[in-house]
Every structure is written in C-alpha cells, then in structure tokens.
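One letter stands for each residue in the lines below.
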Amino acid sequence: MKRHPVLTRSICVLVLLCCVAGLAACKKKAAKPAVTNKPKVAQVAPPTWPLTGLPAPDHAVTKRRPLSVKIENLKAARPQTGVNSADIVYETMVEGGITRFNCLFDSSVPVTVGPVRSARLSDLWVVPQYRGLFFYSGSNSEVNSGLKTRNMTKLNYDKASSIYHRISGRSAPHNLYLTLSKAYDKAKALGVETTSTAQPGPAFGALPSDETTTAATTIAIPFSPLTHAAWTWDSASGRYLRTTDGQVHVDMATGKQLWATNVVVMWATYTTATKLDPAGNPTYDITLGGTGKAAIFRNGVRIDGAWTATKNTPPVFTDAAGKKILLEPGRTWFEVPETKVIVTSN
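This write-up is about the structure you can find in this document. (Residues numbered from 1 in each chain as written. Predicted model: local features only at pLDDT ≥ 70, side-chain atom pairs only at ≥ 80, totals over all residues. Heavy atoms only, no water.)

What follows covers the overall build of the protein. Of the regular secondary structure elements, the protein holds four helices and 21 strands. Split into buried and exposed, the 346 residues of the protein put 47% on the buried side. Residue pairs in contact within the protein that sit at least 24 positions apart in sequence constitute 64% of those at least 6 positions apart. Only carbon and sulfur atoms are counted for the fraction: they give 59% of the accessible area of the protein, which is about 17,100 Å². (Helix = DSSP H or I, 4+ residues; strand = E, 2+ residues; numbered from the N terminus. Buried < 20%, exposed > 50% of the residue type's maximum accessible area, 1.4 Å probe, protein only. Contact = heavy atoms within 4.5 Å. Areas by Shrake-Rupley, 256 points an atom, 1.4 Å probe, with all protein chains shown as cover.)

In structure tokens:
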C-alpha cells in the first residue's frame, strides 16, 4: 500500500524532532551533574610518644601510663641497669648529700632495671604529674602516708614481689632489681589501670631563631659536697654525656655512658621533713609545684627561664619574655638542686 508523500514527510520530521529533543535533554543532564555533600575527613596528627616527642607506632600505645621506678645512685649502686632506656629521669638530693633517680619508662621498656630503692616525698609530685605507675621498695611513715593518700602503693615490693628479685654479686640493699618487662601485666593482674585518656608530657619543638641562648657544652651541678653531676655536649651524636663525681657514668645493661637529649635544671625549695633516715640524717620535702628558676640545655646551648607545675601537671618552661621554651624531641634529664646551688656552664 502506498503512503501519501505529505504524510511520509510529516512522520520523518516528527521523528527528527524527537531525536533532537532527546539529544538536548541528554546534554542538559550532562551539564548539571548531581551535587553530593561528602563529609570532610578530620586530619589526625601522627602518633608521638608523650615523654619524648618522637614517633610512636600507633595512637593506642601512647595512652599507656609510664612506668616510674625509684633507682638508687649511691656509689655502691653504680653502674645501674636500664637507666639509658628511660624517657625521663629526675635526679633529686636525698639524705646525707646523695642523690636518687626517679626513672620514667614509656617508649622503651627494658627487661630489667635497678637497683630499686625506697620512695621519697618528691615522688608524690613526680609520679602523679605524669600519671605514672610507681615501683619502689619501702618508705618511711611520712612518705607512706602520702603514697596511700594518692593511691600509689599497689606496685611496690610488698604488693608486687613476684616481679622483683635480688641479684648475686652485690650486697643488700643494693641488689634489688625489677623485671620491668612484666610490669604492665602485673599491674593489670592487681587491678591497676594501665592507660590514661590524657597522657601528659613536656612540650617539644624546634628552637626558634630569635630565642636568646648562650653556648653551653659543659654543665656542672654540685648537688652537695658528696655528689657532683656533670654533662658534656657531644655534637657528633647530638647528646649530653654524663659523669658523676668525676667518673664516666655508664649503664650496666649496655656498658654505654648515660646520655640525654635535653638536660633541664629546675631549682626547687628543699625543706626538712619530720622523719630522719636510719643514720639520723634529715630527709627532704622538695616542692615541685608552683614556680621556680630553670635552665634548659639543648643542642649545645643554654636558655634561662622559669618552670611552672602543679600537683597533677608536669613542668612548663618559659623564657624571660614569657614565651614557652620547647625541648628537643628525645630523652630528658631533670636535675633538681636546691635554690642556693650554683650551676655553671660554658
């Protein structure tokens, strides 16, 4: 059957118009794609160890509480074991003109540390400031009362004796050591919380170019006529190396000289405590809260300023202009002499 020519042309025109309309619609849709609101991903800072400012393997491990160990520094106790693994060391004077260490282990936990000795009133400041788990052996009644008040008695030799041991070759009391590698497991077994949601530490960062500094490659700290601590800057390693009473001070675990990335001198007020030691010497309460004079040694230079701390927060350092003094990422020794002690450097 033959179609009428006009009808045929009309059908062709209609088909062509449909095709054109379809193409226009496709182009219109392609020109205005659907807009989706993608949520912004929060940037998470890389994990760092709270007590050193150095990279950590993950964020979870940075929440664990550091292990605070009271370590002896009498001549009969040297060389000590494991001190070079501590992120932070506090050296304070105790009775008789000798000093003792409070070593805080976090980023590195050695198998064994020691010799472990008795607690002092200064530990009532240091340990809570860093949310530490405290390991020690014994305390006098005044110190013990404070430790109980602050709930710091659960991991001492009496309560966690299975991870303490005595070594041969040294006489008591200089032979008590701690198997630190088992410390976290023991704490959990005793029902002690081993993590903290907010783990405090020093402030770390680069040394500003406008910071007022003086060259300081040697540091001398005469705690008393019986105890002299000294540090020498070694530019090759970027470390301060320690001598005690004129002798190179080494770690028995490695045979290497004790070292620190930062040496911070915090002058503090020493007051005579009510209890004497067994030899009749006065013991001290050292005020590590409030404010005091400080000198920060890093990168071979000295920065003078002040420290400020509370019962539950570690010290913050500021220079003469009130600007925060940052530490070099790494290990830090806090030297805490009496306010009258003259510390020299050059």
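What follows covers the sheet that holds strand β7 (residues 176–179). Strand order in the open sheet formed by three strands is β4-β7-β6, with antiparallel pairing between adjacent strands. With one partner strand each, in any of the chains shown, β4 (112–113) and β6 (164–166) form the two edges of the open sheet. Here three bridges tie β6 to β7, and the two strands are oriented antiparallel to one another. Along β7, the bridge assignment pairs R166 with L176. (Pairing = 2+ DSSP bridges.)

Looking now at the environment of V109. Structurally, V109 is set in the loop between β3 (99–105) and β4. Taking the C-alpha atoms as reference points, V109 and L67, 42 residues apart in sequence, are found 8.4 Å from one another. V109 has contacts with R64, L67, L180, S181 and Y184, leaving out every residue within four places of it along the chain.

What follows is about the pairing of strand β18 (residues 301–309). In this sheet, β18 lies alongside strand β8 (residues 214–215) in antiparallel orientation, the contact comprising two bridges. Considered in β18, the bridge of T214 is made with R302. Between strand β17 (residues 290–298) and β18, which pair antiparallel and follow one another directly, the connecting turn spans two residues, one of which, N299, has a positive phi of 55 degrees. Where β18 hands over to strand β19 (residues 316–319), the hairpin turn is made up of six residues, counted between the paired strands.

What follows deals with the pattern of salt bridges. Applying the stated criterion across every chain yields a total of 10 salt bridges. Taken together, the salt bridges that share partners define one network made up of E91, R242 and E335. (Salt bridge = Lys/Arg side-chain N within 4 Å of Asp/Glu carboxyl O.)

Our focus in this paragraph is the side chain of R298. Tracing the chain through its elements places R298 in strand β17. A residue is classified by how much of its surface remains accessible, and R298, at 1% relative accessible area, is buried. A distance of 2.6 Å separates the side chain of R298 from the side chain of N299, its partner in a polar contact. Those residues within four positions of R298 in sequence are excluded, and the remaining contacts are G205, A206, L207, Y240, T261, N262, I303, L326, L327 and E328. (Polar contact = N/O pair within 3.5 Å; in protein donor to acceptor, adjacent residues only side chain to side chain.)

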